[in-house]
Amino acid sequence: MNLTPNGQEQVWKKLTSLASQPPQGLIFTGPPHVGKYAAAKALFQFINCKQNALNQATSILEPCGSCMSCKKIAENKNLDLIEIGPAVGRPALKKLAAEEPTAVKPTDNISVEELRPLKKMLCFPPFESKFRFILINQAHKLTIAAANSILKILEEPPVHTRFIFITHERSLLLPTIISRCQFIQFKPLSSYNDFEEPELDAEFSKYILNQSQNAYSSCKDNHGCAYQIAHQTLYAIHLKNRL
């Protein structure tokens, strides 16, 4: 599966120009749901794609989506792609967090406790990729302590590690982090077909169903029923997929 985002051709052209030697830190900023998260994963795919490997002779500017590397990244099975957010997301970080179960407690913010397993991992080279990518989703939710912890890593970065901060609230990022990163500005999308579809797993799909059923039960004798069901469902998706 090729993860290249729709509707962001200029951004993607810029990213591919950086792919041979990505900056130590990138900040993906722009409105919600415009492809920031997809672009981060697609860049990681592109850099590690076996079929479209970077060389001077090729003009192919997107990952093939079908080689083993691309498939593992699309299925979140590459241990060198690490996501950090209000809840721990990726297998490599989950494994380390499981070894210290008291260290990671899901909250609405990104706390310094969530970064402790990451620091251990950065002592080692990437498992199978050219670079290790740390995706910090909703980076504006980093606590001051967490932001300062990442700042220390950026000041003396591991050779093969790259950070991507994803946010629609760039003004809330620590100025010292901003000064060490390169901005990638995402534009608003021009059509509905360009918008990212929210990734809904089975558990969350059940949650949406329950929300809709609850809304229906509370308003089945009310002419505003359809509106309330739609409102409850869309609000649930918004909470799940803010970026």
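Our structure is the block above this text.
Let me sum up the structure you'll find in this document. Please read all numbers here as calculations on a predicted model, not as lab measurements. (Residues numbered from 1 in each chain as written. Predicted model: local features only at pLDDT ≥ 70, side-chain atom pairs only at ≥ 80, totals over all residues. Heavy atoms only, no water.)

### What about the sheet that holds strand β4 (residues 161-167)?
A sheet is described by the order of its strands in space; here five strands give the open sequence β2-β3-β4-β1-β5, paired in parallel fashion. At either end of the open sheet lies a strand with only one pairing partner, and these are β2 (81-84) and β5 (182-185). For this sheet, the mean angle separating the axes of adjacent strands, direction not counted, is 20 degrees. Contacts from helix α2 (residues 36-48) reach β1 (25-29), β2, β3 (132-137) and β4 within the one sheet, and its direction differs from that of β3 by about 180 degrees. Relative to the sheet, helix α6 (residues 144-155) contacts β3 and β4, its axis offset from that of β4 by approximately 140 degrees. (Pairing = 2+ DSSP bridges. Helix = DSSP H or I, 4+ residues; strand = E, 2+ residues; numbered from the N terminus. Axes fitted to C-alpha atoms, helices over the stretch in contact; angles between N-to-C directions. Contact = heavy atoms within 4.5 Å.)

### Quick word on unusual backbone geometry
The backbone phi angle of His33 is positive, close to 60 degrees, even though this residue is not glycine. Of the residues examined, His33 reaches a relative accessible area of 22% and is grouped as partly exposed. One non-glycine residue, Asn76, adopts positive backbone phi at about 60 degrees. Relative to the elements of secondary structure, Asn76 occurs in the loop between α3 (68-74) and β2. (Buried < 20%, exposed > 50% of the residue type's maximum accessible area, 1.4 Å probe, protein only.)

### Things to note about the packing of aromatic side chains
Under the definition given, this model contains four aromatic pairs. When the ring of Trp12 is compared with that of Phe46, the centres are 6.0 Å apart and the planes differ by 65 degrees; the resulting orientation is edge-to-face. A residue pair is termed long-range when its members are at least 10 positions apart, and Trp12 in helix α1 (residues 9-18) and Phe46 in helix α2 qualify at 34 residues. Of the two residues examined, Trp12 and Phe46, each falls in the buried class. Ring centres of Phe163 and Phe165 lie 6.1 Å apart, and the angle between their planes is 15 degrees; this geometry places the pair in the stacked category. Neither Phe163 nor Phe165 differs from the other in exposure class; each is buried. The residue whose ring lies beneath Arg170 is Phe183, and the NZ or CZ to ring-centre distance is 3.8 Å. (Phe/Tyr/Trp six-rings, centres within 6.5 Å; stacked < 30°, edge-to-face > 60°. Lys NZ or Arg CZ within 6 Å of the ring centre and 35° of its normal.)

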